[in-house]
Structures are given as structure tokens and as C-alpha cells.
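Here is how the chains run, residue by residue.
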Amino acid sequence: MPEAAFPKPTGEVVTTLAEIFRHQRRSEIVELLESANASIEQINYDNWNGGTYTWALRLDVPVPLFASVEPRLEAIEKEIAAKLTHISRTYSNDCLDTVTITPLSSAGAAASMRFVPSDLDVQRIWPSGYFRLFLSHVSKHQAAVSKLKEVLLLRGIDAFVSHKDIQPSLEWEKEIELALRSMHALAALLTPDFHISDWADQEIGWAFGRGLLVLPVRLPTDPYGFAGKVQGIRGNLKDPDDLAARIVGALLANPQTHGEMRRALVSSFCGAKSFPMALALLPLVVKVTDFTGDEKAALRSACFENSQVSGAYGVPDAIFRTFGRPLAEGAKEADDVPF
């Protein structure tokens, strides 16, 4: 059987599947996909039509998670396989339509970079409802990076900054590893001294190993190694507001992170803790064109239910102009509601 590789990276395939099931509110399958050690294996070859390859997606999942889905294992495998056909249909010589879910031993899970931490651990280091972004940086710039973390939080992103987010009583290596295992994406702040760090390149390796987006931020150093093939952004640590807006824009523009960032914008807007937060989120929110009906309704409701949104100058009017006015009870058209 000739050796070959499936046209799409495994991480991209699994991320796409998870995004589809997340939109369909199949949280059980999303958790399974995001916790798996995934690989795409060649299982057959036929020399017809220049060579036709058959592939299978293998998902090794932690034993506790496997035990919870085992009674419905065959049905779940078929459900995931049905979505795979949409991913591989454009490749006439490559067929990916088989899924195998197997338990991953405790020893294997402990060594896995894709093993998902417990909910309690995640909640301890990441606030709920925000996009989880690991900021890989050199400690020399910790003051500027701390300021960037503050302005990112106003825009729906919780940025993990090792020197700031690790409690003194905790082992810092384990905490960094926990953040790397639970982040949604990594931004590499490429200052001229970035490559000197003993840890920065390893952090990038973790993100690539988990199949996550690595966003190179040129400050002004250009990306190198595996990160060199990723379209990055330019910025300046002396202008954190502009840099934060660029990071949000990049996360929204990338299909791998768009859904998670979109949901974070809704969640953080609805839960805005200050007028400046509502005002910072507004220009980002109104540019998104694919909010679901429920998300639009939540944005409109926040203009009444959250005083930090309703009282932020111009914010409710901009939301209603963009996403429509909420219907009053018994009204047939949004315009029936007087303001």
C-alpha cells in the first residue's frame, strides 16, 4: 500500500467537526472531539483512477469520557462519520468516512498534550464566557504584556500571562501546562528577543501539537519555524488598544477560532462590567455578520438588562440599528416598539 497523507491536517479536520457539532448544540460530541488524541490513518488503497485512498479518523479519548459514551458508541461514531463526508467530498481520490473511538489509558492520557483538564482546573485559571488566549512572550516585557491583557479583557479575551496569572503557592510549570492544555489559541508576541527564551518556542510547539491556531504578532520580528507559514499581524506593545483590536480581528477572521471568538463577544457584551467595556466591545460586535438569532436576541436584551450596556452612550442605539429592535409583547414588527 503506497504511503500518503490525508490532504487536510488532522487538527483542522477535528476542529471543523467540533465547530459543526457546537453549532448543533451537541456538547457531548464537542467535548469528545476536543479531548481526543486524533489521527487520520490510511486503511485501504485502490489503484483505480490514478489511486484512491481510504482513510479512518481515530479518536483516543480519556477513559472517563469513553465510559460515558460507550453505551452509544456505535451511534456516535456513525454521527461523526456522516460529517466527515462533507469534509472529504472535494477530494476525489481520498475517502474519509470511518471513525473509531477508543479509550486512552490513564498513563497515555497523562502524557498527552490534548488531554483536557477538569472543569474545576479550567475555571480556576480562565473566567467563563471569554476566549482563552495564551500570550507567549519574554518576561522582560511583562509590564507591557500585562497592559495588553487588561485591554484584551475589555474585548472578550482572557489572556493567560504566566507571571501575572500563576498564584505564588502553585507550581508554575504545572500551571503553564494547564493553560496550554485548555487554551483556545496562542498568540506569539514576537519581540526581537523572543527566540532567546527557553520556553517560548516550546509553548508554540504545544499549540501546534494540539492543532490550535498560533497567531504570530510581529513586534516587529517576523515569525520563524512552523509559525512562519501562518499569516500574522503587526502591532506595537506601546499601543495596546490597537493591538488588542487587531488580535480580535484576526481571531474572527480565522475559521478555526471565529466561532469561539464570536460567542465570547456575545457573552462578554451581555455581561459587560463597565461602560468602557461595553464601548470597547461595540465596534467589534457590529462588524460580525453571522450571529445566530439567539445571539442577536441576547445582544438586544443586554441593552435593557445590563445597566453597563444600557447606560453606555450610543451603545443601545447602535445595537438596534445593526441587529433590529426587540419586539414588544403583541407587536408584529420590530418598528412597532417606540424608543
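Check the entry above for the structure.
Predicted model, so just to flag it, every value in this text is computed and none were measured. (Residues numbered from 1 in each chain as written. Predicted model: local features only at pLDDT ≥ 70, side-chain atom pairs only at ≥ 80, totals over all residues. Heavy atoms only, no water.)

Trainee: Where do I start with the packing of aromatic side chains in this structure?
Mentor: Geometry of an aromatic ring pair is reported as the spacing of the ring centres plus the angle between the planes. Within the structure shown, the criterion is met by six aromatic pairs. Pairing Trp126 with Phe160 gives two aromatic rings, centres 6.0 Å apart and planes at 50 degrees, and the pair type is tilted. Of the two residues, Trp126 sits in the loop between helix H6 (119–125) and strand E4 (131–136) while Phe160 sits in strand E5 (residues 157–160), which places them 34 residues apart along the sequence. Residue Phe160 is classed as buried on the basis of its relative accessible area of 1%. Judged by centre distance (5.3 Å) and plane angle (25 degrees), the rings of Phe134 and Phe160 are stacked. Of the two residues, Phe134 is situated in strand E4 and Phe160 in strand E5; the sequence distance between them amounts to 26 residues. Pairwise contacts between aromatic rings join Phe6, Tyr53 and Trp55 into one cluster. (Phe/Tyr/Trp six-rings, centres within 6.5 Å; stacked < 30°, edge-to-face > 60°. Helix = DSSP H or I, 4+ residues; strand = E, 2+ residues; numbered from the N terminus. Buried < 20%, exposed > 50% of the residue type's maximum accessible area, 1.4 Å probe, protein only.)

Trainee: Would you take a moment to explain the sheet that holds E5 for this structure?
Mentor: In sheet architecture, strand pairing relies on hydrogen bonds along the backbone and comes in two forms, parallel and antiparallel. Here we have five strands laid out as an open sheet, ordered E5-E4-E6-E7-E8, and parallel in their pairing. Among the strands making up the open sheet, the edge pair consists of E5 and strand E8 (233–234). As paired strands, E4 and E5 are joined by four bridges and run parallel to one another. Along E5, the bridge assignment pairs Phe131 with Ile157. (Pairing = 2+ DSSP bridges.)

Trainee: Please clarify how the layout of surface pockets should be interpreted in this entry.
Mentor: Reported here for the second largest pocket is a volume of approximately 530 Å³. Contributing elements (two or more residues each) for the lining of the second largest pocket: helix H1 (10–23), helix H10 (200–209), strand E7 (213–218) and helix H12 (255–270). Counting residues per element, the lining of the second largest pocket draws most heavily on H1, at seven residues. Across the lining of the second largest pocket, the residue classes tally to nine nonpolar, eight polar and five charged. (1 Å grid on protein atoms, 1.4 Å probe; cavity = no way out; pocket = protein on both sides within 12 Å on 5 of 7 lines; lining within 4 Å. Points joined across faces, edges and corners; volume = space filled by probe spheres on them. Nonpolar A, V, L, I, M, F, W, Y, C, P; charged D, E, K, R; others polar.)

Trainee: Honestly, the pattern of salt bridges in this entry has me stumped. Any pointers?
Mentor: As a working rule, side chains carrying opposite charge can pair if their charged atoms are close by. The tally for this structure, following the rule as stated, stands at 20 salt bridges. Linking Lys8 and Glu12 is a salt bridge whose minimum nitrogen-to-oxygen distance equals 3.9 Å. The salt bridge involving Arg263 is made with Glu19; its shortest N-O contact spans 3.7 Å. With a gap of 244 residues between them, Arg263 in helix H12 and Glu19 in helix H1 connect regions that are remote in the sequence. One salt-bridge network, held together by shared partners, links Glu19, Arg22, Glu34, Glu260 and Arg263. (Salt bridge = Lys/Arg side-chain N within 4 Å of Asp/Glu carboxyl O.)

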